[in-house]
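Each chain, letter by letter, is given below.
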Amino acid sequence: GEELIGWAPISTEAKTLVRENEAGDCWIYEVETEDLILKDRRFAVFYPADLHRPCRAVDKPVMCKKVVVKVKID
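Throughout what follows, the structure given in this document is the object of discussion. Note that this is a predicted model, so its numbers are computed, not measured. Every chain is numbered independently, its residues counted from 1 as its sequence is written. Only residues with pLDDT of at least 70 get local features here, since the model is predicted, and only at 80 or more are side-chain atom pairs given and counted; chain-wide, interface and lining totals rely on the full set of residues. Values reported for side chains reflect all heavy atoms of the structure, with hydrogen atoms and water molecules removed beforehand.

1. Regarding the pairing of strand β1 (residues 3-9)
Here is the rule: Type-normalised accessible area, obtained with a 1.4 Å probe on protein chains alone, sets the label of each residue: buried when under 20%, exposed when over 50%, and partly exposed for intermediate values. Working definition: helices are DSSP H or I runs of at least four residues, strands are E runs of at least two. Numbering for both runs from the N terminus. Note: two strands are recorded as paired if DSSP finds a minimum of 2 bridges between them.
When you tally the buried positions in β1, you get five out of seven residues, the bulk of the element. Direction of pairing for β1 relative to strand β4 (residues 34-38): antiparallel, over a ladder of five bridges. In the sheet register, tryptophan 7 faces β4, and the bridge partner there is glutamate 34. Pairing analysis gives five bridges linking β1 to strand β5 (residues 50-56), with the strands arranged antiparallel. Across the sheet, the residue bridging to glycine 6 is arginine 53, located in β5.

2. Considerations on the packing of aromatic side chains
Which entries qualify depends on this criterion: Note on aromatic pairs: the rings of Phe, Tyr and Trp (six-membered ring only in Trp) are paired at centre separations within 6.5 Å, and the planes decide the class, stacked below 30 degrees, edge-to-face beyond 60, tilted for the rest. We call a charge positioned over a ring when the NZ of a Lys or the CZ of an Arg lies within 6 Å of the ring centre and within 35 degrees of the ring normal.
Under the defined criterion, the tally for this structure stands at zero aromatic pairs. The ring of tyrosine 29 has lysine 15 lying over it, and the distance from NZ or CZ to the ring centre is 5.9 Å.

3. Considering the layout of surface pockets
To keep things clear, this is the line we draw: Note on definitions: the grid is 1 Å and covers protein atoms alone; a cavity is a set of points where a 1.4 Å probe fits but cannot get out; a pocket is an open set with protein on both sides within 12 Å along at least five of seven lines; lining residues have an atom within 4 Å of a point. Grid points are joined across faces, edges and corners, and a volume is the space filled by probe spheres set on the points.
Its boundaries defined by the atoms lining it, the largest pocket holds a volume of some 1,600 Å³. As for the largest pocket, its lining consists of 38 residues, and the residues nearest its centre are Phe46, His52, Val68, Val69 and Lys70. If you list the elements that add at least two residues to the lining of the largest pocket, you get β1, β3 (27-30) and β5. When residues in the lining of the largest pocket are grouped by element, the largest group, five residues, is from β5.

4. Quick look at the pairing of strand β2 (residues 16-20)
Across a regular strand the side chains alternate sides, sitting on one face of the sheet and then on the other. Bridge count for β2 against β3 is four bridges, and the pairing is antiparallel. Across the sheet, arginine 19 pairs through a bridge with isoleucine 28, a residue of β3.

5. As for the pattern of salt bridges
What counts is decided by this rule: A side-chain nitrogen of Lys or Arg and a carboxyl oxygen of Asp or Glu constitute a salt bridge if their distance falls within 4 Å.
Inspection of every chain in the model, using the stated rule, returns four salt bridges. The partner of lysine 39 in a salt bridge is glutamate 2, with the nearest N and O atoms 4.0 Å apart. With a gap of 37 residues between them, lysine 39 in the loop between β4 and β5 and glutamate 2 in the segment before β1 connect regions that are remote in the sequence. Measuring nitrogen to oxygen at the nearest pair gives 2.9 Å for the salt bridge that ties lysine 66 to glutamate 3. Here the residue lysine 66 occupies a position in the segment after β5, and glutamate 3 occupies one in strand β1, the gap between them amounting to 63 residues. Taking the relative accessible area as the measure of exposure, lysine 66 reaches 42% and is therefore partly exposed.

Here's what the structure looks like:
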């Protein structure tokens, strides 16, 4: 399958915090992003200074296998 992911640096000036989850590890912003298309055998790495908007369809929703790994950075 394929997935469209939006990306922007967290320092983006035109961002508005919409909400955050109770655990304090996810924040939802309203912000313009650059689109990345991930297809077969592609991957992306996002750091704490990156905003990302995952789980978007390129043309129409399709099945895709996805692995998400979170690593604590001290």
